[in-house]
Structures are given as structure tokens and as C-alpha cells.
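# Summary of structural features
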Amino acid sequence: MMAAMLSTVDPGDEVVVFEPFYENYGPDCILSGAVPRYVALRPPDWRFDPDELRAAFNARTRAIVINTPHNPTGKVYTPEELQLIARLCQEWDVVAITDEIYEHLVYDGEHLSVAALPGMAERTITISGASKTYSVTGWRVGWLVAPPVLTGGIRKVHDFLTVGAAHPLQIAVAAALRFPASFYDALLEEYR
Ligand SMILES: Cc1ncc(COP(=O)(O)O)c(C=O)c1O
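## A short note on the side chain of histidine 70
Tracing the chain through its elements places histidine 70 in the loop between strand 3 (61–67) and helix 4 (79–92). The class of histidine 70 is buried, set by a relative accessible area of 5%. Among the polar contacts made by the side chain of histidine 70, one reaches the side chain of threonine 73 at a distance of 2.7 Å. Ignoring anything within four residues of it in the chain, the contact list for histidine 70 reads Pro20, Phe21, Leu41 and Lys75.

## As for the site of the ligand
Close contacts around the ligand come from Tyr22, Tyr25, Asn67, Asn71, Asp99, Ile101, Tyr102, Ser131, Lys132, Thr137 and Arg140, and that covers them all. Measuring from an oxygen atom of the ligand, one finds a side-chain N or O atom of tyrosine 102 at 2.8 Å. At a separation of 2.6 Å, an oxygen atom of the ligand approaches a polar side-chain atom of arginine 140. Burial of the ligand by the protein chains amounts to 83% of its free accessible area of 400 Å². Among the residues making up the shell around the ligand, the classes are represented as four nonpolar, four polar and three charged.

## Quick word on the pattern of salt bridges
What the rule picks out here adds up to nine salt bridges. A salt bridge links arginine 47 to aspartate 45, with the nearest nitrogen and oxygen atoms 3.5 Å apart. Arginine 47 sits in the partly exposed class, given a relative accessible area of 42%. Accessibility expressed as a relative area gives 43% for aspartate 45, which makes it partly exposed. Of the charged contacts in the structure, one is a salt bridge between glutamate 81 and arginine 47, with a shortest N-O distance of 3.9 Å. On the criterion of sequence distance, the pair formed by glutamate 81 in helix 4 and arginine 47 in the loop between strand 2 (35–40) and helix 3 (50–56) is long-range, its members being 34 residues apart. For glutamate 81, a relative accessible area of 5% gives the class buried. Ionic contacts of the salt-bridge type, sharing partners, join the residues Asp45, Arg47, Lys75 and Glu81 into one network.

## Some thoughts on the packing of aromatic side chains
When we look at a pair of aromatic rings, we describe it by the centre distance and by the angle of the planes. Applying the stated rule across the entire model yields eleven aromatic pairs. A ring pair is formed by tyrosine 134 and phenylalanine 183, whose centres lie 5.6 Å apart and whose planes are at 35°; its orientation type is tilted. Pair noted here: tyrosine 134 is in the loop between helix 5 (130–133) and strand 6 (142–145) and phenylalanine 183 is in helix 8 (residues 181–191), with a separation of 49 residues, a long-range link. On the basis of relative accessible area, tyrosine 134 is assigned to the buried category, the value being 13%. The class of phenylalanine 183 is partly exposed, set by a relative accessible area of 26%. Above the ring of tyrosine 77, the side-chain terminus of lysine 75 is found at 4.6 Å from the ring centroid.

Calculation criteria
- Residues numbered from 1 in each chain as written.
- Predicted model: local features only at pLDDT ≥ 70, side-chain atom pairs only at ≥ 80, totals over all residues.
- Heavy atoms only, no water.
- Helix = DSSP H or I, 4+ residues; strand = E, 2+ residues; numbered from the N terminus.
- Buried < 20%, exposed > 50% of the residue type's maximum accessible area, 1.4 Å probe, protein only.
- Polar contact = N/O pair within 3.5 Å; in protein donor to acceptor, adjacent residues only side chain to side chain.
- Contact = heavy atoms within 4.5 Å.
- Near = heavy atom within 4 Å.
- Areas by Shrake-Rupley, 256 points an atom, 1.4 Å probe, with all protein chains shown as cover.
- Nonpolar A, V, L, I, M, F, W, Y, C, P; charged D, E, K, R; others polar.
- Salt bridge = Lys/Arg side-chain N within 4 Å of Asp/Glu carboxyl O.
- Phe/Tyr/Trp six-rings, centres within 6.5 Å; stacked < 30°, edge-to-face > 60°.
- Lys NZ or Arg CZ within 6 Å of the ring centre and 35° of its normal.

Right, here's the structure in full:
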């Protein structure tokens, strides 16, 4: 998240962040010199007001942070919500930074990535990690998928932030990524 934010955003840019949010996103913005623009997710179903979201976008907006499934509410963004976000990103030339670390914990329906929507693959940084899917939170091994125009900067920033995740843990996670589909079914069943 930090590498994505630092390499995408210039000081003074604005970043749209839904709140409540996983604790890192505000500090990620502030350390990058960006101004967070918060948009409320409201109970009981944690939807946002489309007009409030539209009003948060302007010529200074550079990125929006999405987290689906969402910590701390469990919200799963609907296709309609993601489509509105996608439209606004394209209208205002904004990068979507999406944290999908709970992608395998969707209880109803399918996980939908904003990068899969038309026109979004070229402006989305999709981030996930091993922590939740393989129950290894302490390992801190994650990854992101983004177009080369974005990964060029992200790779440089990441190198200077962390150098890299511990190599044995990377090897173990690479093996886990080859688990059969039944692993993910069993995980979901256990959580249910
Ligand atoms: C939404 C979200 N993103 C990221 C993380 C942490 O990921 P990692 O363990 O890779 O640092 C968490 C963990 O609580 C989380 O809830």
C-alpha cells in the first residue's frame, strides 16, 4: 500500500478514502504528502452516498483507496458501487488502489475486482497478500498487480522501503499459491 501510494501520488494531491478504514490508509496518504478526502460508509449496510462520492472527486484527485471485502465492517462492494467508482476514476483520471486481502472470504456470490471492469485494468493497483488466505498474518508477504506504467515506480519505491520480504517466506507463499481450489472451499467453510 505504501509503495503504491508513494509512487502514485505527489504532495498536495488528494486521495479519496472511504471511512471507517483499515488503519494504514490515512497514514499512507499523509506520509505521501497527499490530502485524504474521506467519504462515509454508513450503517446498517455500509453503503456510501453516490453524491458524496462524486463531490469528493476534483482536478486534484489522484487516487482512490478501495478495500473489498472491507475491514472493519465486512462490507463487500456491490458491482454497482464499483461501476460508479470506475466511472469517476475514468472521468477524473484517477488511479484505483484496491486492497483485496480478504478476496477469498466472500460468503455470498463472487469476489469482484475493480480492475476487471472495462477501462480499469490500466488504472488499477490491485493488492493482496498471504496473511488472511493462508492464516499467516505475521509473515507480512503481499503482492500487487498493476500495469507496467505504474509498476516501474512502485518497484523502485518498494526496493527502498523494504528491499524485499524474507526469501524463505516468499518460497512458502509461492507454494501456497498453487494450492488446489478445494483449499479455498475448506477455508470458507471453516469460517462459516
Ligand atoms: C484490509 C487489510 N489490509 C492489509 C492487512 C495487513 O496485511 P499484511 O499482513 O500483509 O501486512 C490487513 C490486516 O489486518 C487488513 O485488514
